[in-house]
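# Structural overview
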Amino acid sequence: MTRSLILALGADHGGVALKSRLAAALVEAGHEVQDYGTDGTASVDYPDFAHAVCSAVEKGKADLGVLICGTGIGMSIAANRYQGIRCGLAHDVTTARLTRAHNDANVLALGARIVGDEVALDILRAFLDTTFEGGRHERRLAKLNQITEHTP
Ligand code: RB5
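Below is a short write-up of the structure. (Residues numbered from 1 in each chain as written. Predicted model: local features only at pLDDT ≥ 70, side-chain atom pairs only at ≥ 80, totals over all residues. Heavy atoms only, no water.)

### Concerning the overall build of the protein
The criterion, for reference: Secondary structure elements are defined from DSSP: runs of H or I of at least 4 residues count as helices, runs of E of at least 2 residues count as strands, and each element is numbered from the N terminus. With C-alpha atoms as the basis for the radius of gyration, the globule rule is written as 2.2 Å multiplied by the number of residues raised to the power 0.38.
A tally of helices and strands in the protein yields six helices and five strands. Starting at the N terminus and walking to the C terminus, you meet the elements of the protein as β-α-β-α-β-α-β-α-β-α-α. Compactness check: the protein gives a C-alpha radius of gyration of 14 Å against a globular reference of 15 Å for 152 residues, within 12% of the reference. The dimensions of the protein, computed from C-alpha atoms along their principal axes, are 40 × 35 × 30 Å.

This is the structure:
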């Protein structure tokens, strides 16, 4: 993890333990962490935490977001409904690297019941260490914005 970044973190009850682990590693690496909860193991609804993190990223309060639930799927579905968010769900380092390089993902979704803590840490490092390649991918991101404007 190279540059110093502001990261917005959010999780539901399925991801709260992993969120703590990642937050500690991020602070240790010199990053600033904004923790949007949840804070305990009581059952909560993942869209509420996706909303908090995605709003912080959209408003420029944070450089990037990390969302964690049991599978990462609910968080990624929720996050990708926000106009300014490109959320990549990654269960491995390669996907994490490519979602930054090709999709310019600004939010990473993780499944705490799918990957172990060490794999999640490696995924997060790959996500933070990779920059967007631009070029042909710019055109594709512009088309994503057109999809957002689509009405049936
Ligand atoms: C919560 O039980 C679980 O549904 C949630 O963490 C997530 O996996 C949803 O996609």
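### Observations regarding the packing of helix H4 (residues 93-101) against helix H5 (residues 117-129)
Note the threshold: Fitting a line to C-alpha atoms yields each axis, with helices limited to the stretch in contact; the angle taken between N-to-C directions then spans 0 to 180 degrees. Note that the term roughly parallel is reserved for angles under 35 degrees, roughly antiparallel for angles over 145, roughly perpendicular for angles of 65 to 115, and oblique for everything else. The hand of a helix crossing depends on one turn: near helix anticlockwise from the far one by less than a right angle means left-handed, and clockwise means right-handed. Contacts are residue-level and defined by heavy atoms, with any inter-residue pair within 4.5 Å sufficient.
H5 packs onto H4 with a crossing angle of 20° between their chain directions and a minimal axis gap of 8 Å. Accordingly, the angle class assigned to the pair H4 and H5 is roughly parallel. In this structure, H4 meets H5 at a crossing whose hand is right-handed. Judged by residue contacts, Val 93, Ala 96, Arg 97, Thr 99 and Arg 100 of H4 engage Asp 122, Ile 123, Ala 126 and Phe 127 from H5.

### Quick notes on the packing of aromatic side chains
The criterion, for reference: The aromatic pairing rule takes the rings of Phe, Tyr and Trp, using the six-membered ring of Trp, and pairs them if the centres are within 6.5 Å, calling planes under 30 degrees apart stacked, those over 60 edge-to-face and the rest tilted. We call a charge positioned over a ring when the NZ of a Lys or the CZ of an Arg lies within 6 Å of the ring centre and within 35 degrees of the ring normal.
Tallied over the full model, the rule gives zero aromatic pairs. Of note, Arg 100 hangs over the ring of Phe 127, and the distance from its end group to the ring centre comes to 5.8 Å.

### Topic: helix H2 (residues 46-58)
As a reminder of what qualifies: The span expected for a helix works out to 1.5 Å for each residue beyond the first. Throughout, exposure labels follow a simple rule: accessible area from a 1.4 Å probe, protein chains only, divided by the maximum for the residue type, with under 20% read as buried, over 50% as exposed, and the rest as partly exposed.
Counted at 1.5 Å a residue, the expected span for H2 with its 13 residues is 18 Å, and the 18 Å between its end C-alpha atoms agrees. Taken as a whole, H2 has its buried residues at Phe 49, Ala 50, Val 53, Cys 54, Ser 55, Ala 56 and Val 57. For H2, the secondary structure elements touched by its buried residues are strand S1 (6-11), strand S2 (32-35), strand S3 (64-69), helix H3 (73-79) and strand S5 (107-111). Looking one or two residues past H2, Gly 60 carries a phi angle of roughly 80°, positive in sign.

### Focus on the sheet that holds S2
Cut-off, in case you're wondering: At least two bridges found by DSSP between two strands is the condition for calling them paired.
The sheet built from five strands is open, its strands ordered S2-S1-S3-S5-S4 with parallel pairing. Every other strand in the sheet has two partners, leaving S2 and strand S4 (87-89) as the edge strands with one partner each. The average undirected angle you get between the axes of adjacent strands in this sheet is 25°. Here S1 runs beside S2; their pairing, made up of four bridges, is parallel. Looking at S2, one finds that Leu 7 is bridged to Val 33. Lying on the sheet, H2 is in contact with S1, S2, S3 and S5; it crosses S3 at an angle near 170°.

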